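Here is how the chains run, residue by residue.
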Amino acid sequence: MANQNKTSNTVPTKNNQPAKHHFVRTTFATLFGMLAVWLILASIVVVWLNRTLTDTSTYVKTVSPLVTKPEVQNFIAQKASEQLVNNAPITDIASTLLPADQITGKTPDQLKPLVQSAINDDIKQVVSTPQFAKLWQTTNQTAHTQLIQQIKAGAPTLTLDLHPAIVGAIDQLKSSKLSAVSDKIDISEDAGKIELKGSGIEKVHQYYDTFQKATLALVLAAIVLAALCIWISVHHMKTLRRMLIMTAISVLILALALRAPSFVHLKTGDPVQTQAAITIAETLLRNLQLAALVLGIGCIVIAIATKLYERFVHR
């Protein structure tokens, strides 16, 4: 009896056989999984670019709130006031806006900063009106066409032409105390133009230039590779969870990086213009950050749900 028991204990069963390692399947599943994650990240960027920068309604909806940002208001006020003090008789404007004790004995160069400071306050009031908000929206609708042409041409620098907004702000000032010198104000054509350049914009443009004609193919490739990764793997559900977690970590890192102030590096040579350009770039990137955040949280929730489902089924 003892011998029989000993013999029965040594007979291998299906449950106690050592697990087999499928090195080939694991290798290919890992490779497909890594490629799928990278393609998912690229797909997010490309879809965001196509949606935000090439769709006029989405673009205008995104940038319209910028008129309420102090950085943009300061930029408009500075450019409009510069146009006034540089292209109109400074003594006439000073006599209109400033008290006599601030004018007496001062040269035109000394009067310029005083006049510009006074005009800045008036322009900021103009910029905060609903009428200017409507003008801002119309200006961006027009500027969007030019922006699309620059992107399609592969231009390394994106120029936002806000010249009509500057002209509109000055026109509203002309109906105030400046009406006496309104016919002497000459606004240059480059007033209100912002050039966006730097590593952040150039990288985004490179992604768009590479994938702008292959958005659908890129998304399909990501889905196919993810499906192949799960199908080839030994443990399908476990591989699915790993894919979800890898994707979640990747997109959450992307969202965190987009949140970092140092992500946007823009150079304009003018501190006020630089702050306005950074504000515009951050506003444009906010939808990408939100999409990455939502996708990351969604992947984590699905991964947890699949784990709970497995436990419930095998209970």
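Because the structure is predicted, anything quoted here is derived from the model rather than measured.

**Student:** Describe in detail the overall build of the chain, supporting the description with residues and values.
**Tutor:** Along the chain, the regular secondary structure elements total 13 helices and two strands. By the burial criterion, 39% of the 315 residues in the chain qualify as buried. When the accessible surface of the chain is totalled, it reaches about 18,000 Å², and 61% of it is carbon and sulfur.

**Student:** Can you tell me about the packing of helix α3 (residues 56–63) against helix α13 (residues 271–313), naming the residues and giving the values?
**Tutor:** Packed helix pairs are characterised by how far apart their axes lie and by the angle those axes make with each other. The contact between α3 and α13 brings their axes to 9 Å, and the two run at 115°. Where α3 crosses over α13, the handedness of that crossing is right-handed. Within the contact between the two elements, α3 uses Tyr59, Thr62 and Val63 and α13 uses Thr283, Leu284 and Asn287.

**Student:** Tell me about the packing of helix α11 (residues 215–232) against helix α12 (residues 236–259), residues and numbers included.
**Tutor:** Where α11 contacts α12, the two axes come as close as 8 Å, and the packing angle between them is 145°. Pair α11 / α12 crosses with right-handed handedness. Each of Ala226, Cys229, Ile230 and Trp231 in α11 lies in contact with α12, whose residues at this interface are His236, Thr239, Leu240 and Met243. Looking at the contact of α11 with α12 residue by residue, the class counts come to six nonpolar, two polar and no charged.

**Student:** Describe the side chain of Gln73, naming the residues involved and giving the relevant values.
**Tutor:** Tracing the backbone through its elements, the reader meets Gln73 in helix α4 (residues 70–87). Residue classification places Gln73 among the buried positions, given a relative accessible area of 17%. Setting aside chain neighbours within four positions, we find Gln73 in contact with Val67, Thr68 and Val127.

**Student:** Please set out α4 residue by residue, giving values where relevant.
**Tutor:** Taking 1.5 Å as the rise per residue, α4 with 18 residues should run 26 Å; its terminal C-alpha atoms sit 25 Å apart, in good agreement. If you check which residues of α4 are buried, you get Val72, Gln73, Phe75, Ile76, Ala77, Gln78, Lys79, Ala80, Ser81, Gln83, Leu84 and Val85.

**Student:** Give me the nonpolar core: which residues, what numbers.
**Tutor:** Across soluble globular proteins, nonpolar side chains show a tendency to be buried alongside one another. One finds Ile76, Val115, Ile119, Ile123, Phe132, Trp136 and Ile194 to be the most contacted residues of the largest nonpolar core, which totals 69 residues. Examining the composition of this core, we find that 13 residues originate from one element, helix α2 (residues 23–54), more than from any other. Discounting residues that sit within four places of it in the chain, Ile76 has contacts with Ile123, Val127, Phe132, Trp136, Ile166 and Ala169.

**Student:** How would you explain the environment of Asn50 if you had to name every residue and give the values?
**Tutor:** Note that Asn50 resides in helix α2. Residues Asn50 and Thr215 lie 165 residues apart in sequence; the distance between their C-alpha atoms is 8.3 Å.

**Student:** Give me the side chain of Thr139: which residues, what numbers.
**Tutor:** When you line up the elements, Thr139 lands in helix α8 (residues 130–152). Those residues in contact with Thr139 that lie beyond four places of it in its chain are Asp161, Leu162, Pro164 and Ala165.

**Student:** Help me get a handle on the environment of Lys193, residues and values and all.
**Tutor:** Note on placement: Lys193 falls in strand β2 (residues 193–196). For Lys193, a relative accessible area of 35% gives the class partly exposed. For the pair Lys193 and Leu160, spaced 33 residues apart in the sequence, the C-alpha separation amounts to 5.7 Å. When sequence neighbours within four positions are dropped, the list of residues in contact with Lys193 reads Thr159, Leu160, Asp161, Leu162 and Gln273.

**Student:** I'd love a proper account of a nonpolar patch on the surface, names of residues and values included.
**Tutor:** A cluster of nonpolar side chains, Ile245, Ile249, Ile253, Ile300, Ile304 and Leu308, forms an exposed patch at the surface whose accessible area comes to about 530 Å². Elements represented by at least two residues in the nonpolar patch include exactly α12 and α13. With respect to the helices, strands and loops of the structure, Ile304 is situated in helix α13. With relative accessibility at 48%, the residue Ile304 sits in the partly exposed group.

**Student:** Hey, could you go over the pairing of β2 for me, with residue numbers and the actual values?
**Tutor:** Looking along a regular strand, one sees the side chains alternate between the two faces of the sheet. Where burial is concerned, the two faces of β2 differ: the one with Ile194 and Leu196 is buried and the one with Lys193 and Glu195 is not. Looking at chain direction, strand β1 (residues 158–161) and β2 are connected through four bridges and run antiparallel. By the bridge assignment for β2, Thr159 is matched with Glu195.

**Student:** Any chance you could break down a positive patch on the surface for me, citing the residues and the numbers?
**Tutor:** Residues Lys238, Arg242, Lys307 and Arg311 make up a contiguous surface patch of positive charge. For Arg242, the location among the structural elements is in helix α12. According to the relative accessible area criterion, Arg242 is exposed, its value standing at 55%.

Rules and cut-offs
- Residues numbered from 1 in each chain as written.
- Predicted model: local features only at pLDDT ≥ 70, side-chain atom pairs only at ≥ 80, totals over all residues.
- Heavy atoms only, no water.
- Helix = DSSP H or I, 4+ residues; strand = E, 2+ residues; numbered from the N terminus.
- Buried < 20%, exposed > 50% of the residue type's maximum accessible area, 1.4 Å probe, protein only.
- Areas by Shrake-Rupley, 256 points an atom, 1.4 Å probe, with all protein chains shown as cover.
- Axes fitted to C-alpha atoms, helices over the stretch in contact; angles between N-to-C directions.
- Left-handed = near helix turned anticlockwise from the far one by under 90°.
- Contact = heavy atoms within 4.5 Å.
- Nonpolar A, V, L, I, M, F, W, Y, C, P; charged D, E, K, R; others polar.
- Expected span 1.5 Å × (residues − 1).
- Core = buried A, V, L, I, M, F, W, Y, C linked by side-chain atoms within 4.5 Å.
- Patch = residues over 30% accessible without salt bridge, like charges linked within 9 Å, V, L, I, M, F, W, Y side chains within 5 Å.
- Salt bridge = Lys/Arg side-chain N within 4 Å of Asp/Glu carboxyl O.
- Pairing = 2+ DSSP bridges.
- Lys, Arg positive; Asp, Glu negative; His and termini not counted.
- Charge placed at Lys NZ, Arg CZ, Asp CG, Glu CD.

Everything listed is a geometric property; what it means functionally is a separate question.
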